[in-house]
Amino acid sequence: MARSAKPWFNKQKNCWMVWSGGKRVKLAEGKKNKKEALDRYDRLRFEASHNPHSDEPSQTVASVIDTYQGFARERLAATTVAMREPFLQLFAEAHGWRRISDCKPLHMEQWLLDHPQWKSDWTKSSALRNVHACFNWAASKGLIERNPFRGVTHRGGEPRRNVTDAEFQAILRSTNCGWKRRKPSPGARFRQLLIFLRFTGCRPSEARELTWPSVDFDRRLIVLKQHKTARMQKEPKPRIVPIHPVVEKLLRVIQGREEGYHVFLTWRKTPWDRHTLGHRLRRARDKAGVPADVKLYGVRHAFGTRAIVVGVDIKTLSELMGHTTTRMTEHYLHLADQREHLADAMRRVNAPRQGA
């Protein structure tokens, strides 16, 4: 007979954890809070034992989330699943025991207020959007009659802006690009990933997940079979990223280290994830003295804007950035803010034609 999971203390993360539903769940922070962790573990077991089957008419918040996550892991992109799971876990911890018929929009609004650490509008809006995705899906599949939290919204944050050339160079200078014992320092590894993003326009997630089989030096191409927009296409096509000479030199230097399956690795020789990249960027921003709204995605945004300014047509740029339609590219670039480009276009439109 299989033994039930028991809580344990994770020294590295300074918190009590337990295996539940095939994943690790944080119970409480701090070694002294064992009683709080055990109480929380008892609540989780109680909720799990009282969760109705998906065929039963009376569903709970936890049972809906469990059913949705089983679907999501099979059908959705791994990045989407990883983004939604933390929010769904927190919502299940707060209201998992509650029956759907008793749920009210107020419960979700209160849940948002109970997390003051979510300071940015982007984070708050993302939390609501990802939880709504679960209950909207459940309603569309007939698991529940309707999303009981429908109508709860939060204003989105300011649109992502470009990382300026000055900001990018300041961050590069702030990274320690030295080498110790013929091995790159943690800062140098982050610097390499930054340069890759600037010269390819790739999404940060594409850089994190890039593996050597995707790199074709002979044709000077990166071929991404798994990418964000693949699931949006009727016949999924690989995303093709041409290799710039600067990128080729960078990749060959990294390849010479022969460290692993993934191209970009941390100093621990593990693939980067959203959290480690975010932590490294925050340290670089603080050291460089650049604003907190400088984001990695802003490097991709700057790539697209530079392309428009130098005259790359929208169709070609759509292919370079891996968009499914040119409409996505037009929205992404926010051309209304590119005054110099628009002024130059106006001059070219009204320039006298030869022979006229």
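It should be emphasised that the depicted structure is a prediction, and the values quoted were computed from it without experimental measurement.

Asker: For the overall build of the protein, give the residues involved together with the corresponding values.
Answerer: Across its full length, the protein carries 14 helices and eight strands. Here the protein, with 356 residues, has 43% of them falling under the buried criterion. For the protein, long-range pairs separated by at least 24 residues make up 55% of all intrachain contacts whose partners lie at least 6 apart in sequence. Element-wise, carbon and sulfur atoms account for 52% of the exposed surface of the protein, whose accessible area totals about 22100 Å².

Asker: A description of the packing of helix α6 (residues 165–174) against helix α10 (residues 274–288) should follow, citing residues and the corresponding values.
Answerer: Each pair of packed helices can be summarised by the angle the axes make with each other and by the distance between the axes. For the pair α6 and α10, the least separation of the axes is 8 Å and the interaxial angle reads 100°. Classified by the interaxial angle, the pair formed by α6 and α10 is roughly perpendicular. Contact with α6, carried on its side by A170, I171 and S174, involves L281, A284, K287 and A288 of α10 and no other residues of that element. The class makeup of the residues in the contact of α6 with α10 is five nonpolar, one polar and one charged.

Asker: An account of the sheet that holds strand β7 (residues 221–224) is needed here, citing residue identities and associated values.
Answerer: On the basis of which strands lie adjacent, the open sheet formed by three strands has the order β6-β7-β8 and antiparallel pairing. Of all the strands in the sheet, the pair left with one neighbour each is β6 (215–216) and β8 (239–242).

Asker: Describe unusual backbone geometry, with residues and values.
Answerer: In this structure, R220 takes a positive phi of about 55° despite not being glycine. Tracing the sequence through the fold places R220 in the loop between β6 and β7. Residue class for R220 comes out partly exposed when judged on its relative accessible area of 47%.

Asker: Kindly report on the pairing of β8, identifying the contributing residues and their values.
Answerer: Because side chains alternate across β8, one face comprises the buried residues R239 and V241, and the other comprises I240 and P242, none of which is buried. Looking at chain direction, β7 and β8 are connected through four bridges and run antiparallel. Considered in β8, the bridge of L221 is made with P242.

Asker: Hey, could you go over the nonpolar core for me, with residue numbers and the actual values?
Answerer: Membership of the largest hydrophobic core comes to 35 residues, with the highest contact counts inside it found for F190, F196, V215, I222, L251 and F264. Mapped onto this core, the elements with two or more residues apiece are α6, α7 (186–200), β7, α9 (245–255) and α10. The biggest single contributor to this core is α7, with six residues. Not counting chain neighbours up to four residues away, the residues in contact with F264 comprise Q192, L193, F196, A207, L210, L251, I254, P271 and W272.

About the criteria used
Residues numbered from 1 in each chain as written. Predicted model: local features only at pLDDT ≥ 70, side-chain atom pairs only at ≥ 80, totals over all residues. Heavy atoms only, no water. Helix = DSSP H or I, 4+ residues; strand = E, 2+ residues; numbered from the N terminus. Buried < 20%, exposed > 50% of the residue type's maximum accessible area, 1.4 Å probe, protein only. Contact = heavy atoms within 4.5 Å. Areas by Shrake-Rupley, 256 points an atom, 1.4 Å probe, with all protein chains shown as cover. Axes fitted to C-alpha atoms, helices over the stretch in contact; angles between N-to-C directions. Parallel < 35°, antiparallel > 145°, perpendicular 65-115°, else oblique. Nonpolar A, V, L, I, M, F, W, Y, C, P; charged D, E, K, R; others polar. Pairing = 2+ DSSP bridges. Core = buried A, V, L, I, M, F, W, Y, C linked by side-chain atoms within 4.5 Å.

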